[in-house]
Amino acid sequence: MFLSRIDKHNFLLLLCFSQLLFLLILYRRGAAGVFQGLFGGSDPPWDYSKTHDVYTNLSVFVPNPENVNTQFCPAKSPILVGPLSVSFQTPPTLKRVQQKNRYVKPGGYFSPRHCFGRYRTAVIIPHRNREAHLRTLLYYLHPFLQRQQLHYALFIVHQAGNSTFNRAKLLNIGVREALKLDEWDCLILHDVDLVPENDYNLYICDEEYPKHLASAMDKFHYSLPYWTYFGGVSALTPDQYMRINGFPNSYWGWGGEDDDIAMRIRLAGMSITRTPLSLGRYKMISHNRDSGNEENSKRYDQLGNTRRTWREDGMNSLDFKLISRTRAPLYTNITVEIGDAPLVTETPAQWKLF
């Protein structure tokens, strides 16, 4: 009897330890990495001291139109190279990016010409006054996606005017406008200042759960800053995006909206799947905080209300004015007016009640 109690006690300790170990692994590698390791096929030991130019031999895989194949592209592209060389020393010109990507069609559309792309991916990038960052991202992102043999398009959502920046609302607009133009399998929500470092980080969605792609930024020393982090670059199917009612439209300025959408995912009964840290590496283009994108001082109060507001604040309450939608050589440009941030009224400290 006494021994059985000891055995039971040891068993419970072992169970608790194993659960803590599992959570630690899950944190470090992400759910996708854990289950990949458990059920065969592990993440290769990437050597980031040995990198490849993102354009290496890319033209070899774009044959003449008369040699077009009628087969689907393989599920795993055979032309991936792994770790990529990324440099921010001299931002390229748009002309140079266009010359390097001759097969990108107006609007930023691309389809493999030697096979049918299995996945249809829309990349949505909120933007204002970041032209040098945009050119750099275009230089790396186009060949990155071509190596993955995707049918894709890039949508730049530009906020007009000088009102406070609203990244979340711009993403909602980008999703709505992109879905008007095509039937996409995957929506990639992409910050303009983040460049992927490994082309095996596939820009396709997890069919069951939203996927966080930028799990290891150099800004955070290639680690996850906290367990629920969902910022930078993420991937959702159109169905997943609508299930969470998209992003909130009420976050003006920097911060908070990514934590809100992470909470929405849980409230909608889903989980976050995450690219393993060794694969989800990104370099961030260093920059100062933009004028008009000051820190959102209300974000913590707003996050405290997410459980109450997420069904009413999002895609179903989106309001904006479309100024123009044009097909530039490398992307579809969507310019919009989104209004102004609500005024914050505070009682001055010198006011007193009598």
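You'll find the structure just up there.
Residues numbered from 1 in each chain as written. Predicted model: local features only at pLDDT ≥ 70, side-chain atom pairs only at ≥ 80, totals over all residues. Heavy atoms only, no water.

A. Quick look at the overall build of the chain. Along the backbone of the chain there are 9 helices and 11 strands. Buried residues in the chain amount to 49% of all 354 residues. In the chain, of all internal contacts separated by at least 6 residues, the share reaching a separation of at least 24 is 84%. Accessible surface computed for the chain: about 18400 Å², of which carbon and sulfur atoms make up 54%. (Helix = DSSP H or I, 4+ residues; strand = E, 2+ residues; numbered from the N terminus. Buried < 20%, exposed > 50% of the residue type's maximum accessible area, 1.4 Å probe, protein only. Contact = heavy atoms within 4.5 Å. Areas by Shrake-Rupley, 256 points an atom, 1.4 Å probe, with all protein chains shown as cover.)

B. Just the pattern of salt bridges, in detail. Throughout the structure, instances matching the rule amount to 9 salt bridges. The partner of Arg147 in a salt bridge is Asp199, with the nearest N and O atoms 4.0 Å apart. You can see Arg147 sitting in helix α4 (residues 131–147) and its partner Asp199 sitting in the loop between β4 (194–196) and β5 (211–212), a full 52 residues away along the chain. Judged by its relative accessible area of 1%, Arg147 is buried. Notably, a salt bridge pairs Arg167 with Glu257, separated by 2.9 Å at the nearest N-O pair. Highlighted residues: Arg167 in helix α5 (residues 167–181) and Glu257 in helix α7 (residues 257–267), separated in sequence by 90 residues. Note on Arg167: relative accessible area 10%, which makes it buried. Residue Glu257 is classed as buried on the basis of its relative accessible area, which comes to 7%. Residues joined by salt bridges that share partners form a network here, namely Arg167, Asp191, Glu257 and Asp258. (Salt bridge = Lys/Arg side-chain N within 4 Å of Asp/Glu carboxyl O.)

C. Spotlight on the sheet that holds strand β2 (residues 151–159). Pairing is mixed in the open sheet, where 8 strands are placed in the order β8-β5-β7-β3-β1-β2-β11-β10. Because the sheet does not close on itself, it has two edges, and the strands there are β8 (273–274) and β10 (321–327). Most of the contacts of α4 go to β2, to which it runs at about 165°, and overall it touches β1 (120–127), β2 and β3 (186–190). Sitting on the sheet, α5 touches β1, β2, β3, β10 and β11 (332–337), and the angle it makes with β1 is about 145°. (Pairing = 2+ DSSP bridges. Axes fitted to C-alpha atoms, helices over the stretch in contact; angles between N-to-C directions.)

D. How the structure looks around the environment of Val336. With respect to the secondary-structure elements, Val336 resides in strand β11. Between the alpha carbons of Val336 and Arg325 there is a distance of 8.9 Å; along the sequence they are 11 residues apart. The contact partners of Val336, leaving out residues within four places of it in the chain, are Val157, His158, Gln159, Ala160, Leu170, Ile173, Phe320, Lys321, Leu322 and Ile323.

E. A look at the sheet that holds strand β6 (residues 216–217). The mixed open sheet is built from 3 strands, whose spatial order is β4-β9-β6. In this open sheet, the two strands that pair with only one neighbour each are β4 and β6.

F. Highlighting the nonpolar core. Of all hydrophobic cores here, the largest spans 43 residues; its most connected members are Leu145 and Tyr203. Of all the secondary-structure elements, those providing two or more residues to this core are β1, α4, β2, β3, β4, β6 and β7 (233–236). With 8 residues, α4 is the single largest residue contributor to this core. In this structure Tyr203 touches Thr121, Leu141, Phe144, Leu145, Gln148, Leu150, Ile188, His190, Pro196, Leu213, Val233 and Tyr282, once residues within four positions along its chain are discounted. Judged by nonpolar contacts, the second largest core, of 34 residues, contains Trp184, Phe230, Trp252 and Ile338. (Core = buried A, V, L, I, M, F, W, Y, C linked by side-chain atoms within 4.5 Å.)

G. Region of interest: the packing of aromatic side chains. Evaluated as defined, the whole model comprises 12 aromatic pairs. Between Phe144 and Tyr203 the ring centres are 4.9 Å apart and the planes differ by 70°, which places this aromatic pair in the edge-to-face class. Taken together, the positions of Phe144 in helix α4 and Tyr203 in the loop between β4 and β5 put the pair 59 residues apart, joining distant regions of the chain. With a relative accessible area of 1%, Phe144 lands in the buried category. Seen from their ring centres, Tyr241 and Phe247 are 6.5 Å apart, and the 50° between their planes marks the pair as tilted. When its relative accessible area of 0% is taken as the criterion, Tyr241 is described as buried. An aromatic cluster is present here, built from Tyr55, Tyr139 and Tyr140 joined pairwise through their rings. (Phe/Tyr/Trp six-rings, centres within 6.5 Å; stacked < 30°, edge-to-face > 60°.)

H. Quick look at the state of the cysteines. Counting across every chain of the model gives 2 disulfides. Here Cys73 is linked by a disulfide to Cys115, with a sulfur-sulfur distance of 1.9 Å. One quick way to see it: the torsion about the S-S bond of Cys73 and Cys115 is about 85°, and its sign makes the bridge right-handed. Residue Cys73 is found in the loop between α2 (31–38) and α3 (94–100), and its partner Cys115 is found in the loop between α3 and β1; the two are separated by 42 residues along the sequence. You can call Cys73 buried: its relative accessible area is 1%. At a sulfur-sulfur separation of 2.1 Å, the disulfide partner of Cys186 is Cys205. Because the torsion about its S-S bond is 80°, the bridge between Cys186 and Cys205 counts as right-handed. Of this pair, Cys186 sits in strand β3 while Cys205 is found in the loop between β4 and β5, placing the two residues 19 residues apart along the sequence. Across the pair, Cys205 and Cys186 agree in class, each one buried. If one numbers only the bonded cysteines of the chain, in the order they occur, the disulfide pattern is 1-2, 3-4. (Disulfide = S-S within 2.5 Å.)

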